[in-house]
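Coordinates in review
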Amino acid sequence: MSGMNPYVLPACLQVATDALTSMERAMGRDKIAVNDRQLACARINSQEGQDYLAAMSCAANYAWVNRASMTFLVRQAFAKMFKESPDDLDMHIVYDVSHNIAKVRGACDSCSTFIP
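Presented here is a report on the structure given in the accompanying data block. Owing to the predicted nature of the structure, the values given are computational and were not obtained by experimental measurement.

To continue, consider the nonpolar core. In terms of nonpolar packing, the biggest core is built from 13 residues, with V15, M23, A40 and Y52 touching the most fellow members. Listing elements by their share of this core, those giving two or more residues are α1 (8-30) and α2 (47-82). Per-element tally for this core: the top contributor is α1, with six residues.

Encoded structure:
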């Protein structure tokens, strides 16, 4: 983790911590029950739901830029070490996927009403 931006993980954890607290209050207000605190949710159109989507979008963008920056630096390090360009070394991203991202599901009315 020495090359990792030290602010990415805390930023994502802060989004989750803030959301849990906020969504627990919303669940009480809206009479929503779940089996585990980690499954806390809120109605998408509520203030809590909108705040969470905005915070998650911000965290996702921050993480994407961090991954892109690390990829660039790794490619440059290899180019320097082998004295060839990253393209000449055939260094291409094979797969880039985000995780821990909320998705709005719309398969049914109740599905589109909650943030999982």
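Okay, the pattern of salt bridges next. Under the counting rule described, the total for this entry stands at five salt bridges. A salt bridge links D30 to R43; the nearest nitrogen and oxygen atoms lie 3.8 Å apart. Of this pair, D30 sits in helix α1 while R43 sits in the loop between α1 and α2; the two residues are 13 residues apart in sequence, bridging distant segments of the chain. For R43, a relative accessible area of 32% puts it in the partly exposed group. With its nearest N and O atoms 3.4 Å apart, the salt bridge here joins D87 to R75. With D87 in the segment after α2 and R75 in helix α2, this residue pair connects regions lying twelve residues apart in the sequence. The exposed category is assigned to D87, whose relative accessible area is 52%. Linked by salt bridges that have partners in common, R29, D30, R43 and E48 make up one network.

This brings us to a nonpolar patch on the surface. Taken together, the side chains of V74, F78, M81 and F82 present a nonpolar region at the surface, about 420 Å² in accessible area. Assignment of secondary structure puts M81 in helix α2. When its relative accessible area of 63% is taken as the criterion, M81 is described as exposed.

Bringing the side chain of S46 into the picture now. Take S46: it is sitting in the loop between α1 and α2. Relative accessible area serves as the criterion here: at 11%, S46 is assigned to the buried category. Of note is the side chain of S46, whose polar atom sits 3.3 Å from the side chain of E48. Within polar-contact distance, the side chain of S46 engages the backbone nitrogen of G49 at 3.0 Å.

Cut-offs applied
- Residues numbered from 1 in each chain as written.
- Predicted model: local features only at pLDDT ≥ 70, side-chain atom pairs only at ≥ 80, totals over all residues.
- Heavy atoms only, no water.
- Core = buried A, V, L, I, M, F, W, Y, C linked by side-chain atoms within 4.5 Å.
- Buried < 20%, exposed > 50% of the residue type's maximum accessible area, 1.4 Å probe, protein only.
- Helix = DSSP H or I, 4+ residues; strand = E, 2+ residues; numbered from the N terminus.
- Salt bridge = Lys/Arg side-chain N within 4 Å of Asp/Glu carboxyl O.
- Patch = residues over 30% accessible without salt bridge, like charges linked within 9 Å, V, L, I, M, F, W, Y side chains within 5 Å.
- Areas by Shrake-Rupley, 256 points an atom, 1.4 Å probe, with all protein chains shown as cover.
- Polar contact = N/O pair within 3.5 Å; in protein donor to acceptor, adjacent residues only side chain to side chain.

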